[in-house]
Amino acid sequence: MPEPGQPSPRIDDQPLVECDGVSRTFGTGQRAVVAVHSVSCRIHAGDRIAMMGPSGSGKSTLLHLIAGLDTPTSGALSWPAMAETVDGLFGSVAVVFQGASLMPPLTVVENVAFPLLLAGMADAPARRAAADALAALDIGDLGQRLPEELSGGQAQRACVARVLASRPRLILADEPTGQLDSVAATHVVEVLIQAADQLGAGLVLSTHDPLIAAHLASRWQMRDGVLDSDPATSVVERGRS
Ligand code: ADP
Ligand code: MG
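Along each chain, residues carry numbers from 1 onward, in the same order as the chain's sequence is written. Naming scheme: in the order in which they are written, chains are lettered from A and ligands are numbered from 1. Only residues with pLDDT of 70 or above have their local features reported here, since the model is predicted, and side-chain atom pairs are shown and tallied only from 80 upward, although totals for entire chains, interfaces and linings are computed over all residues. Heavy atoms from the whole structure form the basis of all side-chain values; hydrogens and water molecules are not counted.

Asks: Help me understand the site of ligand 1, please; the structure alone is not making it clear to me.
Replies: Throughout this document, a residue counts as near a molecule or strand when at least one of its heavy atoms sits within 4 Å of that molecule or strand. In the vicinity of ligand 1, the contacting residues are F26, V33, A35, P54, S55, G56, S57, G58, K59, S60 and T61. Between S57 and ligand 1, the recorded distance is 3.2 Å, taken from a backbone N or O atom to an oxygen atom. Contact distances for ligand 1 include 2.6 Å between an oxygen atom and a side-chain N or O atom of T61. When the free accessible area of ligand 1 is taken as 560 Å², the share hidden by the protein chains comes to 59%. For helices the rule is a DSSP run of H or I covering at least 4 residues; for strands it is a run of E covering at least 2, with both sets numbered from the N terminus onward. Taken together, the elements giving at least two residues each to the shell around ligand 1 come down to β2 (33-43) and α1 (59-66). In protein, a polar contact requires one atom able to donate a hydrogen and another able to accept it; more generally it is a pair of N or O atoms within 3.5 Å, and residues adjacent in sequence count only if both atoms are side-chain atoms. Accessible surface area values rest on a Shrake-Rupley calculation with a 1.4 Å probe, where residue burial reflects the displayed protein chains alone.

See below:
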C-alpha cells in the first residue's frame, strides 16, 4: 500500500508486454529452426517501435508471440498491464497480419465490424465504428465490396481499419506497408501512429523500409532471431522500471 499522500502506482507504468529470454524453435533435431532466440524486451503504452530485419529474421514469429497467438519454446512472456491470461488478451491486442487476412464471404465493412460483434457489440454501433475506421484509412467508399474486389493495397488498409476499430491497448502491425506505394505507406503509418496516440496504446510495426521506420521513435533490429537495439532509440535498453 502506498503511504497516505503518495500517489498510487499507475497501471500505465507497468509494461503492456514483458518478454524474458523468450525463444521459439520450429521443428526438431537437424531440422530445428530457432526463429526467435532468447529475446528480452518490454513494451509500454506510448512506445512507437519499428522492428526491422531481413526476411526470415524472426519478426513475424516474435510479433505472434507478443500477441499471445503462439507459445514460446522457452522463456517467459507476460502482459502485466493487461490481462494476466492469454484468453484475456482478446480485444486488448490487435494484429495487422502480414498479407491480407480478410474473410472472403463478408463485405469489407462486415470484416471490420466482425471482431466488434464477437466482442459483444450490437450490430449498429459495430457497423458505425467500422465505417469510421474505413473512412480514416480513406477507403470509406469501399465498405460494401467483397475482399476479392479490392486491390492488395486497399485490402491491407481494410486490415488496418479492422485493428483500429477494436480500440486495442497494443497494436502489432506485421509489414503493414509491404504492398503499398510510398505515399499510401506513409499514410498508413501515420494513421497507425495517430490511432495509437489517441488510444494511449503501444505500437510495434515491422518493416524492411528505413523510410517507414524513421516515422517511429524507437528502432529494434532482428538478426537471425536475435533482437538487437539501437542504443540511441531503444526501449529495450532504456528499461523504464
Ligand atoms: P520474418 O517475419 O522476419 O520474415 P519469420 O518469423 O516469418 O521471419 O521466420 C523466422 C524463421 O522461422 C524462418 O527461418 C522461417 O522459415 C521459420 N519459420 C517461421 N514460421 C515457421 C513455421 N510455422 N514452421 C517452420 N518454420 C517456421
Ligand atoms: Mg514476416
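Asks: For this particular structure, what's the right way to read the nonpolar core?
Replies: The tendency in soluble globular proteins is for nonpolar side chains to be buried side by side. Working definition of a nonpolar core: buried Ala, Val, Leu, Ile, Met, Phe, Trp, Tyr and Cys residues. They are joined through side-chain atoms within 4.5 Å. Think of it in three bands: with a 1.4 Å probe and only protein chains considered, a residue is buried below 20% of the maximum accessible area for its type, exposed above 50%, and partly exposed in between. Core analysis: the largest hydrophobic core is formed by 44 residues, its most contacted members being L137, L164 and L192. For this core, the leading source of residues is helix α5 (residues 182-199), giving nine residues. Counting residues in hydrophobic clusters, the runner-up holds 27 residues, among them V22, I49, V93 and W220.

Asks: Would you mind showing me how to read the coordination of the magnesium ion (ligand 2) here?
Replies: Metal coordination angles in their ideal form are 109.5 degrees for the four-donor tetrahedron and 90 or 180 degrees for the six-donor octahedron. Summarising the metal site, the magnesium ion (ligand 2) is bound by the protein donors S60 (OG) and Q98 (OE1), whose distances to it range over 2.1 to 2.2 Å. Of this pair, S60 sits in helix α1 while Q98 sits in the loop between β5 (93-96) and α2 (108-118); the two residues are 38 residues apart in sequence, bridging distant segments of the chain. A residue is classified by how much of its surface remains accessible, and S60, at 22% relative accessible area, is partly exposed. Here the term donor refers to an N, O or S atom within 2.8 Å of the metal (or 3.2 Å for Na, K and Ca), and because water is left out of the atoms, sites may appear incomplete.

Asks: Explain the environment of N111 to me, please; I cannot follow it from the model alone.
Replies: Note that N111 resides in helix α2. Residues N111 and A161, 50 residues apart in the sequence, show an inter-C-alpha distance of 9.6 Å. The contact rule is simple, with two residues in contact once any of their heavy atoms fall within 4.5 Å. If we ignore the near neighbours within four places in the chain, the residues touching N111 are L102, M103, L106, P147 and R162. A polar contact is formed between the side chain of N111 and the backbone nitrogen of M103, at a distance of 2.6 Å.

Asks: Sorry if this is basic, but what is going on with the packing of α2 against helix α4 (residues 152-165) here?
Replies: Angle between the axes and distance between the axes are the two parameters that describe a pair of packed helices. Axes, fitted as lines to C-alpha atoms, cover a helix only where it is in contact. Angles between the N-to-C directions of the axes lie from 0 to 180 degrees. Running from N to C, α2 and α4 cross one another at 30°; their axes reach a closest spacing of 8 Å. On the basis of their axis angle, the class for α2 and α4 is roughly parallel. As for the relative orientation of α2 and α4, their crossing is right-handed in sense. Counted together, V108, N111, V112, P115 and L116 of α2 and A158, A161, R162 and A165 of α4 form the full contact between these two elements. Among the residues forming the contact of α2 with α4, the class breakdown is seven nonpolar, one polar and one charged. For classification purposes, angles smaller than 35 degrees are called roughly parallel, those larger than 145 roughly antiparallel, those between 65 and 115 roughly perpendicular, and all remaining angles oblique. Take the far helix as your reference; a near helix turned counterclockwise from it by less than a right angle gives a left-handed crossing, and one turned clockwise gives a right-handed crossing. Three categories are distinguished: nonpolar for Ala, Val, Leu, Ile, Met, Phe, Trp, Tyr, Cys and Pro, charged for Asp, Glu, Lys and Arg, and polar for the others, with Gly belonging to the last.

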